[in-house]
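For reference, the chains in residue letters:
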Amino acid sequence: MEKTDIYKKKFSILQDLSSAIVISDNINTIANLLLDFALNYTNAEKGSLLLIAEQDELSILASRGMDDRIDTSRKVKIGTGIAGMIAKNKTPVLVENIEKENKFIHFRRNRYKTNSFISCPLVINNKLLGLLNINDKKDGTPFNVDEFELLKTLANHAAIALENVFLLNQLKAKAAELEEVNKKLVATDILKTEFLTRVSHELRTPLNSLKGAIYFLQHSGAIEKNEQQEFHEIISVETNKLVSIVENLLNFLRLEDETRITKKTVLDLGDIFKEVQETKSLTTLLSRKDVRLTMDVHGNRIDLIGDRIKVIQFFTNLIAGVCPYLERGDAVEIMAAENGHITISVSITRPLPKDVLSILGDRRYVFQIEHPEDRLKLYLARNIIETHRWNLSAVNSDSLCQITLSIPKSVQQTIDIYVDQSMNSFVELISELLDINICSVMLSDDLTNELTVKSAVGLDEDIIKSTRIKLGDKIAGWVALEGKPLFIENIENDARFAKTNVAQYTTKSLMTLPLKIGDRVIGVLNMNNKKTAETFSKHDYDLASQLSQQISRFIELLHSDRHSEDDFKKFISSLGRLLDSDQSYAEKKALFTDFADKILKSSAPIIKLKKSGPIA
């Protein structure tokens with residue numbers, strides 16, 4: 001093929017690919033168009049486009065000329081078989097005759113007519129997205145270098161197209177999530193307006209009575225003692241009403257604030273049930289009412305993501321909230337089961353009043369009843385459900401009430417929780433090992449590309465929540481953009497970032513290191529303020545470098561699915577025991593010093609997720 005023809009075909013590929021990208025943002029549509037382009041430009045009969053799936057596997061998204069049974073069932077493990085090996089190496093391959101290729105000759109290819117094929121990994125920023133395979137030219141000849149070059153061009157631009165589709169889908173998901181949050185904010189504003197209207201009415205009545213009684217006493221001159229006593233009683237009664245209203249108002253505001261602050265972790269539902277059943281106030285209430293409570297988990301252990309304190313509060317307040325409507329001898333039975341999602345069924349051996357069901361269905365109904373303070377516990381229970389974004393329904397039948405709580409399970413949410421927990425342990429460990437007061441891990445937000453504080457020691461909570469740094473901005477942003485570590489002995493003498501040291505930092509020395517997966521920067525590790533007020537040393541820098549690599553490996557493992565959930569729990573627990581050790585300060589200091597020396601001497605990672613244990 002002439003060079004001019006190759007350039008024309010490459011240009012044609014780019015034109016067709018550009019048109020395909022704007023036609024659809026559906027991953028299946030794009031994949032099938034890409035495969036059709038590849039077959040057309042190489043004059044081939046068979047081909048497949050595989051995308052990276054969970055657990056380091058490739059799954060066939062589109063194919064031509066292949067057995068349909070293979071399309072739906074075949075999974076290719078990275079590193080296994082011809083496709084798996086090429087995907088692992090991330091290098092395009094042209095094979096003119098497989099029988100002459102030593103590394104592929106032992107693989108069987110009975111379903112192909114020719115011994116020639118082209119396989120091109122779809123890679124962007126050193127990240128594998130998938131694999132494009134082309135087999136069996138229609139004329140039976142081997143694929144040539146010109147066709148190989150054409151397919152590599154297509155693969156490179158296909159990777160960009162697929163990455164754009166992935167990012168667009170993520171953006172849509174985030175937009176939908178933000179829209180849902182916005183709806184909840186609007187609903188909350190309406191709820192607060194209704195609440196303030198109700199409270200203003202409740203406040204006005206006793207205040208008018210107080211104002212009238214005081215005015216009469218001030219302007220009536222000498223009046224009989226019994227009349228004075230009557231107005232004193234009015235003032236006393238209305239004052240008590242006013243105090244009660246204000247206390248209830250403060251309770252509502254306090255409950256509203258508490259539900260905004262959630263610290264989610266992985267919870268064992270069986271442990272939660274046990275703790276609820278052992279709650280003293282609840283057992284006392286149930287004993288007085290002679291109501292029987294049973295709580296059980298069906299089958300094996302069930303884990304859920306939530307704020308431990310809030311989840312316990314939900315069950316205790318739900319049970320306590322319905323107790324006033326139960327009679328002696330009634331029962332509350334709570335059962336949990338898992339089948340793709342978690343379902344918790346609460347069976348009560350008596351129908352509940354309609355206004356109680358209304359509050360469980362929508363917490364705004366608490367303001368439409370005469371005495372909202374009587375429903376505070378149910379209000380709080382409903383608030384916790386909405387904070388966790390779970391689903392709750394309640395229905396009456398002739399003889400009982402059935403309350404159902406549905407909790408979706410999200411792999412990404414579980415990973416995020418383990419990242420949070422592990423980063424908390426890491427920053428504490430680093431603070432102990434390097435003897436520093438301020439340490440933080442910042443991770444990149446995939447949507448905004450900004451750095452946010454994931455975990456920190458020595459920083460105010462307001463700073464942690466509000467800090468967002470764009471790539472290239474400030475020290476952390478510079479390190480994230482350049483992908484290079486920064487070791488500064490005196491910030492005031494550094495030409496790049498020269499500035500007066502702020503009062504928050506007791507030393508002018510600092511270290512910031514990138515956290516990387518391959519060539520991609522996923523965050524930074526910041527270290528400031530040696531407890532001794534000394535400058536960071538070369539030993540400190542070497543140790544911090546090793547630890548930053550461990551953090552990066554750990555995050556990579558979490559997102560790669562090459563892990564056991566039990567291993568991560570053991571690892572986080574082990575770090576916690578090390579940090580919470582009851583040993584004396586001197587013994588603990590020696591322990592951390594020895595631990596640091598071992599890290600520096602070993603080139604192997606300190607985190608090894610094996611069956612024998614999470615820490616080596």
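Residues numbered from 1 in each chain as written. Predicted model: local features only at pLDDT ≥ 70, side-chain atom pairs only at ≥ 80, totals over all residues. Heavy atoms only, no water.

A. Structural view of the overall build of the protein chain. In terms of regular secondary structure, the protein chain is built from 17 helices and 21 strands. When the accessible area of the protein chain is evaluated, it comes to approximately 32900 Å², of which 50% is carbon and sulfur surface. (Helix = DSSP H or I, 4+ residues; strand = E, 2+ residues; numbered from the N terminus. Areas by Shrake-Rupley, 256 points an atom, 1.4 Å probe, with all protein chains shown as cover.)

B. How the structure looks around the sheet that holds strand β17 (residues 486-488). Here we have 6 strands laid out as an open sheet, ordered β16-β15-β14-β19-β18-β17, and antiparallel in their pairing. With one partner strand each, in any of the chains shown, β16 (468-470) and β17 form the two edges of the open sheet. When strand polarity is set aside, the average angle formed by the axes of neighbouring strands in this sheet is 25°. Seen against the sheet, helix α14 (residues 474-482) touches β14 (436-444), β15 (450-457), β16, β17, β18 (510-517) and β19 (520-530) and runs at an angle of roughly 35° to β18. (Pairing = 2+ DSSP bridges. Axes fitted to C-alpha atoms, helices over the stretch in contact; angles between N-to-C directions. Contact = heavy atoms within 4.5 Å.)

C. Region of interest: helix α11 (residues 376-388). Taking 1.5 Å of rise per residue, the 13 residues of α11 would be expected to cover 18 Å, and the 19 Å separating its terminal C-alpha atoms lies within 8% of that figure. Residues of α11 that are buried: Leu376, Leu378, Tyr379, Leu380, Ala381, Arg382, Asn383, Ile384, Ile385 and His388. Immediately downstream of α11, the backbone of arginine 389 shows phi near 60°, a positive value. (Expected span 1.5 Å × (residues − 1). Buried < 20%, exposed > 50% of the residue type's maximum accessible area, 1.4 Å probe, protein only.)

D. View of the sheet that holds strand β10 (residues 331-338). In space, the 5 strands of this open sheet follow the order β8-β10-β11-β13-β12, with mixed pairing throughout. Of all the strands in the sheet, the pair left with one neighbour each is β8 (292-297) and β12 (391-396). Here the strands of the sheet are splayed against their neighbours by 10° on average, with no regard to which way each runs. Sheet topology places β10 next to strand β11 (residues 341-348); 7 bridges connect them, and they run antiparallel. When the sheet's bridge partners are listed, isoleucine 334 is paired in β11 with valine 346.

E. Just helix α7 (residues 269-277), in detail. Inspection of α7 places Leu269, Ile272, Phe273 and Val276 among the buried residues, and these make up the whole buried set. The buried residues of α7 all sit within an arc of 100° when viewed along its axis, so they share a single face. Residue aspartate 268 occupies the N-cap position of α7, its side-chain oxygen lying 2.9 Å from the main-chain nitrogen of glycine 270. (Arc of directions from axis to C-beta. Polar contact = N/O pair within 3.5 Å; in protein donor to acceptor, adjacent residues only side chain to side chain.)

F. How the structure looks around the packing of aromatic side chains. Going through the model one piece at a time under the given rule, you end up with 3 aromatic pairs. Ring geometry for phenylalanine 273 against phenylalanine 315: centres 5.4 Å apart, planes inclined by 90°, an arrangement best described as edge-to-face. You can see phenylalanine 273 sitting in helix α7 and its partner phenylalanine 315 sitting in helix α9 (residues 308-322), a full 42 residues away along the chain. Across this residue pair, the class does not change: phenylalanine 273 and phenylalanine 315 are buried. Relative accessible area serves as the criterion here: at 1%, phenylalanine 315 is assigned to the buried category. Put simply, the rings of Phe273, Phe314 and Phe315 touch in pairs and so form one group of aromatic residues. (Phe/Tyr/Trp six-rings, centres within 6.5 Å; stacked < 30°, edge-to-face > 60°.)

G. Main features of the environment of glutamate 482. Counting through the fold element by element, glutamate 482 comes out in helix α14. Residues glutamate 482 and glycine 472, spaced 10 residues apart in sequence, show a C-alpha to C-alpha distance of 8.0 Å.

H. Examining the pattern of salt bridges more closely. Tallied over the full model, the rule gives 15 salt bridges. Between lysine 137 and glutamate 147 there is a salt bridge, with its nearest N and O atoms 2.7 Å apart. Of this pair, lysine 137 sits in strand β6 (residues 127-137) while glutamate 147 sits in helix α5 (residues 145-219), placing them 10 residues apart in sequence. Like lysine 137, the residue glutamate 147 is buried in the burial classification. (Salt bridge = Lys/Arg side-chain N within 4 Å of Asp/Glu carboxyl O.)

I. Representation of a negative patch on the surface in the model. Together, Glu224, Glu227, Glu230 and Glu233 line one region of the surface with negative charge. Residue placement: glutamate 227 occurs in helix α6 (residues 225-260). By relative accessible area, glutamate 227 is classed as partly exposed at 33%. (Patch = residues over 30% accessible without salt bridge, like charges linked within 9 Å, V, L, I, M, F, W, Y side chains within 5 Å. Lys, Arg positive; Asp, Glu negative; His and termini not counted. Charge placed at Lys NZ, Arg CZ, Asp CG, Glu CD.)

J. Fine view of the nonpolar core. Core analysis: the largest hydrophobic core is formed by 47 residues, its most contacted members being Leu269, Phe314, Phe315, Ile334, Ile344, Ile348 and Leu352. Looking at which element gives the most residues to this core, the answer is α9, with 8 residues. Ranked by size, the runner-up nonpolar core spans 31 residues in total, among them Leu433, Ile517, Phe554 and Leu558. (Core = buried A, V, L, I, M, F, W, Y, C linked by side-chain atoms within 4.5 Å.)

K. Representation of the pairing of strand β9 (residues 303-307) within the structure. Counting buried positions over the 5 residues of β9 gives 5, a clear majority of the element. Judged by which residues are buried, β9 turns out to be covered on both faces: Asp303, Ile305 and Asp307 on one side and Leu304 and Gly306 on the other are all buried. Two elements, strand β7 (residues 264-268) and β9, share 5 bridges in a ladder whose sense is antiparallel. Note on β9: the bridge partner recorded for aspartate 268 is aspartate 303.

L. The arrangement of the side chain of asparagine 317 in detail. Within the element layout of this structure, asparagine 317 appears in helix α9. A distance of 2.7 Å separates the side chain of asparagine 317 from the backbone oxygen of glutamine 313, its partner in a polar contact. Beyond its immediate chain neighbours, meaning those up to four positions away, asparagine 317 contacts Lys377, Leu380 and Ala381.

M. Representation of unusual backbone geometry in the model. Of note, asparagine 43 is a non-glycine position whose phi angle comes to about 55°, a positive value. Mapped onto the elements of the fold, asparagine 43 is located in the loop between α2 (27-42) and β1 (44-53). Of note in this structure, asparagine 126 is not a glycine but carries a positive phi near 65°.

N. Structural context of the confidence of the model for the protein chain. Per-residue confidence for the protein chain gives a mean pLDDT of 76, with 72% of residues at or over 70. Here residues 602-616 scores under 50 on pLDDT; set against residues more than four positions off or in separate chains, the count is 29 contacts. (pLDDT = per-residue confidence, 0-100.)

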